[in-house]
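# Descriptive analysis of the structure
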Amino acid sequence: MATPTPRVRMPATAKAGEVIEVKTLISHEMESGQRKDASGNVIPRKIIKQFTATFNGKEILRADWYTSVSANPYQSFFVKVPETGTFVFSWLDDDGSVYKSEHKVTVG
Amino acid sequence: MSGSLTASTRRDFMMFAAAGAALTLLPLAASATPQQVTDEIKKLYADKKLADGKIKLDLPSIAENGLVVPLAFEVESPMTDKDFVKAVHLYSEGNPVPQVASFFFTPLAPKAAASIRIRLAQSQNIVAVAEMSNGDVFITRKEVKVTIGGCGG
């Protein structure tokens, strides 16, 4: 499997206190652990199991994902921008890998 | 018949292999049940009254493709330090596993809302439970019919 690649769509600038929508996508098969391979062996579960969003180091929200989340998981949500700062989004894989995406938003 | 044996056995083998491949994609486990969802909710909120209201849960009434079904929710709340949505739990009554996703919000989140895409193994109810910072718990459910391969679900 190619390295899961996160993609985030959000503006680079905002007004102080503005609520903005963040759209995220990460390429990942989200193997549910329900399928069998050609020899009849169960293909083990391997999914992204957690998503976190922080602003200047403080957690905004966290999501625990289970096997019903579709492959190439899409998630959109809302954040507010009190001041210029950096959002960090991270995805935690069952295998312990963490994928991150950082976005600075300037308040002007 | 004997002249085209090779071609027809090759075709049969391809159909068998395709059917085999399709079969491997079907879930192994029995599906979750409404009772399992109730039990999961009880694990978290056994002593709570599950009230109606506050939760807006959007799902198509009929999902054309069970692999990618859009789900959106929003829970009414001022989202202040003193009054915010702590958690939203999503459950499936008909997939192999009852939990779909759990969201944990902080007062830094302007809305207790999110959109995701989920897999649905069959027509079923999706249940959403929201826990507020003051301990109140709300519940709602939505039925989704799933059409797979053109057959009614």
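With that settled, the discussion passes to the overall build of chain A. Along its length, chain A carries zero helices and eight strands. Reading the secondary structure of chain A in the N-to-C direction produces β-β-β-β-β-β-β-β. Taken along the three principal axes of its C-alpha coordinates, chain A extends 60 × 20 × 20 Å. Taken over 108 residues, chain A has a buried fraction of 29%. Once local pairs closer than 6 in sequence are excluded, the contacts in chain A between residues at least 24 apart make up 54%.

Right, let's talk about the overall build of chain B for a bit. The helix and strand inventory of chain B stands at two helices and nine strands. In chain B, the succession of α and β elements from N to C terminus is α-α-β-β-β-β-β-β-β-β-β. Each of the 153 residues in chain B was classed as buried or not, and the buried ones make up 30%.

Right, let's get into the sheet that holds strand E1 (residues 6–9) of chain A. With antiparallel pairing, six strands are arranged side by side in an open sheet as E1(A)-E3(A)-E6(A)-E7(B)-E4(B)-E2(B). The strands lining the two open edges of the sheet, one partner per strand, are E1 of chain A together with strand E2 (55–58) of chain B. Looking at each pair of strands side by side, their axes are set apart by 20° on average, direction ignored. Bridging between strand E4 (residues 69–75) of chain B and strand E7 (residues 112–118) of chain B involves seven bridges; their strand directions are antiparallel. Residue pairing in the sheet places Val75(B) in a bridge with Ala112(B) of E7(B).

Let us look at the environment of His103(A). Residue and element names in this part refer to chain A. The residue His-103 is located in strand E8 (residues 98–107) in this model. When the 17 C-beta atoms within 10 Å are taken as the criterion, His-103 is described as partly exposed. Sequence separation between His-103 and Pro-11 is 92 residues, and the spatial gap between their C-alpha atoms is 9.1 Å. Dropping the residues within four chain positions of it, His-103 is found in contact with Val-8, Met-10, Thr-86 and Phe-87.

The next point concerns the interface of chain B and chain A. Opposite the 30 residues of chain B that make contact, chain A presents 28 residues. Sorting the residues of the side of chain B that touches chain A by element identifies strand E6 (99–105) and E7 of chain B as the ones contributing at least two each. For the side of chain B that touches chain A, the element with the highest residue contribution is E6(B), accounting for seven residues. A class-by-class count of the residues in the side of chain B that touches chain A yields 20 nonpolar, seven polar and three charged. Relative to E7(B), strand E6 (residues 74–81) of chain A is paired through three bridges, and the arrangement is antiparallel. By the bridge assignment, Gln75(A) is partnered in E7(B) with Ile116(B).

As a rule of thumb, non-glycine residues mostly have phi less than zero, and peptide bonds are mostly trans rather than cis. All names here are of chain B. For Lys-54, which is not glycine, the phi dihedral falls at a positive 70°. Within the secondary structure, Lys-54 is located in the loop between strand E1 (50–51) and E2. Taking the number of C-beta atoms within 10 Å as the measure of exposure, Lys-54 has 18 and is therefore partly exposed. Of note, the phi angle at Met-79 is positive, near 50°, even though the residue is not glycine. Mapped onto the elements of the fold, Met-79 is located in the loop between E4 and strand E5 (85–92). For Met-79, a count of 21 C-beta atoms within 10 Å corresponds to the buried category.

Residue and element names in this part refer to chain A. The topology assignment puts Arg-7 in strand E1. Assessed through the 12 C-beta atoms surrounding it within 10 Å, Arg-7 is described here as exposed. Sequence spacing of Arg-7 and Tyr-74 is 67 residues, and the spatial spacing of their C-alpha atoms is 9.5 Å.

Attention now goes to the pairing of strand E3 (residues 18–26) of chain A. With four bridges joining them, E1(A) and E3(A) adopt antiparallel strand pairing. Bridge assignment links Arg7(A) to a residue of E3(A), and that residue is Leu25(A).

Residue and element names in this part refer to chain B. Here chain B averages 85 in pLDDT, and 77% of its residues register 70 or above. The low-confidence segment residues 16–28 (pLDDT under 50) makes ten contacts with residues lying over four places distant or belonging to another chain. For this predicted complex, the interface confidence reaches an ipTM of 0.96, while the overall pTM sits at 0.87.

This part takes up the environment of Asp81(B). Within the element layout of this structure, Asp81(B) appears in the loop between E4 and E5. C-alpha separation for the pair Asp81(B) and Pro107(B), spaced 26 residues apart in sequence, amounts to 5.3 Å.

The rules we used
- Residues numbered from 1 in each chain as written.
- Chains lettered and ligands numbered in written order.
- Predicted model: local features only at pLDDT ≥ 70, side-chain atom pairs only at ≥ 80, totals over all residues.
- Helix = DSSP H or I, 4+ residues; strand = E, 2+ residues; numbered from the N terminus.
- Buried ≥ 20, exposed ≤ 12 C-beta atoms within 10 Å, placed from the backbone.
- Contact = placed C-beta atoms within 7 Å.
- Pairing = 2+ DSSP bridges.
- Axes fitted to C-alpha atoms, helices over the stretch in contact; angles between N-to-C directions.
- Nonpolar A, V, L, I, M, F, W, Y, C, P; charged D, E, K, R; others polar.
- pLDDT = per-residue confidence, 0-100.

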